[in-house]
Structure formats: structure tokens, C-alpha cells
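# Descriptive structure summary
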Amino acid sequence: MARTLLVGADLWRSFQRERGVVSAVQGCSFKISAGENIAIMGPSGCGKTTLLNLIAGLDIPSSGQVEWPGLGSSDTLRPERIGVVFQSANLMPALTAVENVKLPILLGNGCEAHARALTALATFGVELLAPKLPEQLSGGQAERIAVARAIVTDPELIVADEPTGQLDQAGAAILVDRLLAWGRQTGSAIVVATHDERVAAKMNRIWRMRHGKFESMDERPACTGAG
Ligand SMILES: Nc1ncnc2c1ncn2[C@@H]1O[C@H](COP(=O)(O)OP(=O)(O)OP(=O)(O)O)[C@@H](O)[C@H]1O
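Everything in this summary refers to the structure shown in the same document.

The rules behind these values
- Residues numbered from 1 in each chain as written.
- Predicted model: local features only at pLDDT ≥ 70, side-chain atom pairs only at ≥ 80, totals over all residues.
- Heavy atoms only, no water.
- Helix = DSSP H or I, 4+ residues; strand = E, 2+ residues; numbered from the N terminus.
- Contact = heavy atoms within 4.5 Å.
- Axes fitted to C-alpha atoms, helices over the stretch in contact; angles between N-to-C directions.
- Parallel < 35°, antiparallel > 145°, perpendicular 65-115°, else oblique.
- Left-handed = near helix turned anticlockwise from the far one by under 90°.
- Nonpolar A, V, L, I, M, F, W, Y, C, P; charged D, E, K, R; others polar.
- Expected span 1.5 Å × (residues − 1).
- Near = heavy atom within 4 Å.
- Polar contact = N/O pair within 3.5 Å; in protein donor to acceptor, adjacent residues only side chain to side chain.
- Areas by Shrake-Rupley, 256 points an atom, 1.4 Å probe, with all protein chains shown as cover.
- Pairing = 2+ DSSP bridges.
- Core = buried A, V, L, I, M, F, W, Y, C linked by side-chain atoms within 4.5 Å.
- Buried < 20%, exposed > 50% of the residue type's maximum accessible area, 1.4 Å probe, protein only.

### With respect to the side chain of Lys102
- Within the secondary structure, Lys102 is located in helix 2 (residues 97-107).
- When neighbours within four sequence positions are excluded, Lys102 is seen to be in contact with Ala113, His114 and Ala117.

Right, here's the structure in full:
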């Protein structure tokens, strides 16, 4: 049986706003195991980003518990155990593409950072963009580099927030196929928030959210794999 990486138990996350409290995540419970790939879908504002932040240990639930039995504690998760792809790439503007990808390894005191960063860029077919600054990149190129940055430390879990939002259909399919191929090779789990049914159809499981809750969790896509 696959190793359990993460368990969320009755997670709630509420935000205090001027007009009252918004409960972005409302009682979500789940488990993520090694090698799984999961799409989180649902309308804008249903809580996908908030849930991803809890999964990645970037945010703390208002109540409930998230634990990473296969990965460690929340202060040691990133960048080595969990790789994060933020919405809209979030590259550091003053650093070139290859420097952006190197960054998580340097933070983790790794060696051979440049070679590993180039390998990660090549995984997504963007190694020729290594010397470019973010301002010289298209949105889709920046997204590919952001995903390369997330895998460069060989994490056991990737959490990606709409990683293909700037790509056309063909570009999105290639990026996701390459990410899933990397996941199969390394045994890593991949969790992707997406509005794109074609992207979701490539995953093993789909979790559908509405108003902060799971509507369905174990839905199997009609077609799976790298097709
Ligand atoms: N830091 C915050 N402060 C206040 N409200 C927040 C905060 N973060 C999220 N919210 C609210 O929580 C709800 C869920 O937001 P979230 O970004 O998780 O949704 P989403 O499903 O990821 O949306 P999208 O698909 O548009 O990215 C929304 O009503 C949002 O306005």
C-alpha cells in the first residue's frame, strides 16, 4: 500500500473581513499518498487556493488538523519535501530563469545547483530560456519555469495552483504530461488546482469543491495517463 504523505482532518479556515467572517474551507478531510495525482476543481472562490496553502503548510487551519506523517513537520516541509507552484508563476523579477530555479536548492544548502536547475528546466523543455529575466518571458514560459522550480529539489509532493492558466490547450497538455511523467519516475504525489477539465482528466482523482466543502472526492476521470 502506498505511503501516506499527508492527512487533513476536519479542516476549517476562516478569514475576518469588514463585512464578517468568510469560511473559505469548511470541514475538509482527506488523505494524500505517495504517487497519487489529484485535481482540485470548483468555481472561483470555492476555496481551492486556501486548501492548497493548508496542504503545503503555508497557512494554519482555524480548526482541524493537518499532519504530514510521510514528510515531517510544517517548518521543514519546503522546499525539499513539498514543491509549490503559486498562481501566476511568482518568479523573482531580478533573477534569470535559471537563477529562479536554483533558488530552492540554494536555500536548502544544496550543491551543483546550476546543473540541477538546468536539468529541471530541460524536463519542461525550457532550458534555452535559462538566461532570460522574467520580464523577457511570456506568461506560459514563466509557468513552465515555475513548475521547474518546484521540482528542482526532488520533493515528494508538488502543490500547484492553476499552473497552466497562461498556456494554450496544447501547451497545458504538454506541461501536465511532463509533470506527471516526472511524478511517475520519482513516485512523488501531485496536487493541482485547475479550472481546466482536460488537465483534470489526466489525474488519478478529482476532488470537486463548492462553498469551501468537498462535493465529491473520489471521482475518477474518464481518461487518465499521459495521452
Ligand atoms: N487572505 C484572505 N483574506 C480574506 N478572505 C480571503 C483570503 N483568502 C481567501 N479569501 C476568501 O476565501 C474564499 C476562497 O478563496 P480562494 O482563493 O481559496 O478560492 P479559489 O477557489 O482558489 O478561487 P480562484 O479559482 O478564483 O483562484 C474567497 O471568498 C476569498 O475571497
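### Some points on the packing of helix 3 (residues 113-123) against helix 4 (residues 139-151)
- In the contact formed by helix 3 and helix 4, the axes pass within 8 Å of each other and the chain directions differ by 130 degrees. Taken together, the axes of helix 3 and helix 4 are oblique relative to one another. The hand of the helix 3/helix 4 crossing is right-handed. Where helix 3 approaches helix 4, its residues Ala120, Leu121 and Thr123 are matched on the opposing element by Ile145, Ala148 and Ile151.
- Looking at the contact of helix 3 with helix 4 residue by residue, the classes come out as five nonpolar, one polar and no charged.

### As for helix 5 (residues 169-186)
- Spanning 18 residues, helix 5 covers 26 Å between terminal C-alpha atoms, matching the ideal 26 Å at 1.5 Å per step.
- Where helix 5 is buried, its residues contact strand 3 (37-41), helix 4, strand 6 (157-161), strand 7 (189-193) and helix 6 (197-200).
- Looking one or two places after helix 5, you find Gly187, whose phi comes out positive at around 80 degrees.

### Examining the site of the ligand
- Around the ligand, 15 residues are found, and the nearest of them are Ser44, Gly45, Lys48, Thr49 and Thr50.
- Arg17 places a polar side-chain atom, nitrogen or oxygen, 2.9 Å from an oxygen atom of the ligand.
- At a separation of 2.7 Å, an oxygen atom of the ligand approaches a polar side-chain atom of Lys48.
- Burial of the ligand by the protein chains amounts to 67% of its free accessible area of 640 Å².
- Among the elements of the structure, strand 1 (4-17), strand 2 (20-33) and helix 1 (48-55) are those that each provide at least two residues to the shell around the ligand.
- For the shell around the ligand, a count of residues per class yields five nonpolar, seven polar and three charged.

### Some words on the sheet that holds strand 1
- Spatial ordering of the open sheet is given by 2-1-4, a layout of three strands whose pairing is antiparallel. In this open sheet, the two edge strands, each paired with only one partner strand, are strand 2 and strand 4 (63-67). Direction aside, the axes of adjacent strands within the sheet are offset by 20 degrees on average.
- As judged from the four bridges shared by strand 1 and strand 4, these two strands associate in the antiparallel manner. Across the sheet, Trp12 pairs through a bridge with Ser63, a residue of strand 4.

### Digging into the nonpolar core
- Within the largest apolar cluster, 41 residues are counted, with the highest numbers of intra-cluster contacts made by Val101, Leu121, Phe124 and Ile145.
- Of all the elements in the fold, those that place two or more residues in this core are strand 3, helix 2, helix 3, helix 4, strand 6, helix 5, strand 7 and helix 6.
- Considering each element in turn, this core owes the most residues, seven residues, to helix 4.
- Contacts of Ile145, omitting those with residues within four sequence positions, involve Leu91, Ala97, Val101, Leu121, Val126, Leu129 and Leu137.
- The next biggest cluster of nonpolar side chains, apart from the first, holds 30 residues, and it includes Leu5, Leu51, Trp207 and Phe214.

### Some words on the sheet that holds strand 5 (residues 82-85)
- Pairing is mixed in the open sheet, where six strands are placed in the order 5-6-7-3-8-9. Of all strands in the sheet, those with a lone pairing partner are strand 5 and strand 9 (213-219), marking the two edges. Strand-to-strand twist in this sheet, taken as the mean axis angle between neighbours without regard to direction, amounts to 15 degrees.
- Strand direction decides the pairing type here: strand 3 and strand 8 (residues 205-210), joined by four bridges, are parallel. Note that in strand 8 the partner of Ile40 across the bridge is Trp207.
- The strands touched by helix 1 are strand 3, strand 5, strand 6, strand 7, strand 8 and strand 9; relative to strand 6, the strand with the most contacts, the crossing angle is about 155 degrees.

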